[in-house]
Amino acid sequence: MRLLDLFCGAGGAAMGYSRAGFDEIVGVDNRPMPRYPFTFVQADALEYVAEHGKEFDAIHASPPCQAYSVLRRANTEADYPDLIEPTRRTLEAVGTPWVIENVPGAPLRFTVVLCGSMFQLGSGARQLRRHRLFETSVLILQPACLHRGEAIGGYGGGPVSRYTFENGAKRDYYHRRGGYQGRVDEKIEAMAITWMNAVELSQAIPPAYTEFIGRQLIGVLTQGDHAPPS
């Protein structure tokens, strides 16, 4: 099966889909991604999918999340692109089964929420609790969070011991206090990603998330029932 990975970054999502069983993955981003682990095309993601989307069995899209991040709520002067609705419209027009991923607070529908605690991700005794939303055109089930003990954040730079959520915020969208920031080696362990640099890690999706989504997606594709959730 072939999967198209839009706004692909350095390939955290792609690796999960590969482990789930997708045979061929093509990533598209408007910036160079020299460490992307599969076939990479530098192009505008929405233009590419409009032209080539029907050539794939499924499509994953991770539009830029800054418009919905904690930082955006703290910095109302910032002007970030809001690409979720254009992405959804384009994917619906293509008609190939799709997944859109983004951060808590993003305007997604029919969402599955995944967290590192569901997949025993972390470093040492600290859990990775990187919540991400997934909107899908097919029915996908989700497990429950299993939060316990201390968290490891892994967002951006700053002192290793700093407690933070994404983009330096001290609390997340739900007003919870953040976790231990972590050294680069601890972030690599927590994310189960070995091929990215520190900046790429801070923006990545753990492969465990999309492996979980991908296994269910392949099951739906194999059965041939692509009806959207209701």
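Calculation criteria
- Residues numbered from 1 in each chain as written.
- Predicted model: local features only at pLDDT ≥ 70, side-chain atom pairs only at ≥ 80, totals over all residues.
- Heavy atoms only, no water.
- Helix = DSSP H or I, 4+ residues; strand = E, 2+ residues; numbered from the N terminus.
- Buried < 20%, exposed > 50% of the residue type's maximum accessible area, 1.4 Å probe, protein only.
- Contact = heavy atoms within 4.5 Å.
- Areas by Shrake-Rupley, 256 points an atom, 1.4 Å probe, with all protein chains shown as cover.
- Axes fitted to C-alpha atoms, helices over the stretch in contact; angles between N-to-C directions.
- Parallel < 35°, antiparallel > 145°, perpendicular 65-115°, else oblique.
- Nonpolar A, V, L, I, M, F, W, Y, C, P; charged D, E, K, R; others polar.
- Core = buried A, V, L, I, M, F, W, Y, C linked by side-chain atoms within 4.5 Å.

**Q** Which parts of the structure should I look at to understand the overall build of the protein?
**A** Looking only at helices and strands, the protein has seven helices and twelve strands in total. A total of 230 residues make up the protein; the buried ones form 52% of that total. Across the protein, every contact between residues at least 6 apart in sequence was considered, and the portion connecting residues at least 24 apart equals 63%. For the protein, the exposed surface amounts to about 10500 Å²; the carbon and sulfur share of it is 52%.

**Q** Looking at this structure, I do not really get the packing of helix H2 (residues 45-52) against helix H4 (residues 84-94). What am I missing?
**A** The description of two packed helices rests on the angle between their axes and on the distance between the axes. Where H2 meets H4, the axes come as close as 9 Å, and the angle between the chain directions of the two elements is 10°. What the angle tells us is that H2 and H4 run roughly parallel. Taken together, the residues of H4 that come into contact with H2 (itself represented by Leu46, Val49 and Ala50) are Pro86, Thr87, Thr90, Leu91 and Val94. Looking at the contact of H2 with H4, its residues break down into six nonpolar, two polar and no charged.

**Q** Would you mind going over the nonpolar core with me for this structure?
**A** A general feature of soluble globular proteins is that nonpolar side chains tend to end up buried together. Counting residues in hydrophobic clusters, the biggest one holds 40 residues, and the most contacted among them are Tyr17, Phe22, Leu114, Phe134, Ile213 and Leu217. Elements supplying a minimum of two residues to this core: helix H1 (12-20), strand E6 (111-114), helix H5 (184-191) and helix H7 (207-223). In terms of residue count, the dominant contributor to this core is H7 (seven residues). Counting residues in each nonpolar core, the second largest holds 20 residues, with Val26, Leu46, Ala61 and Val94 among its members.

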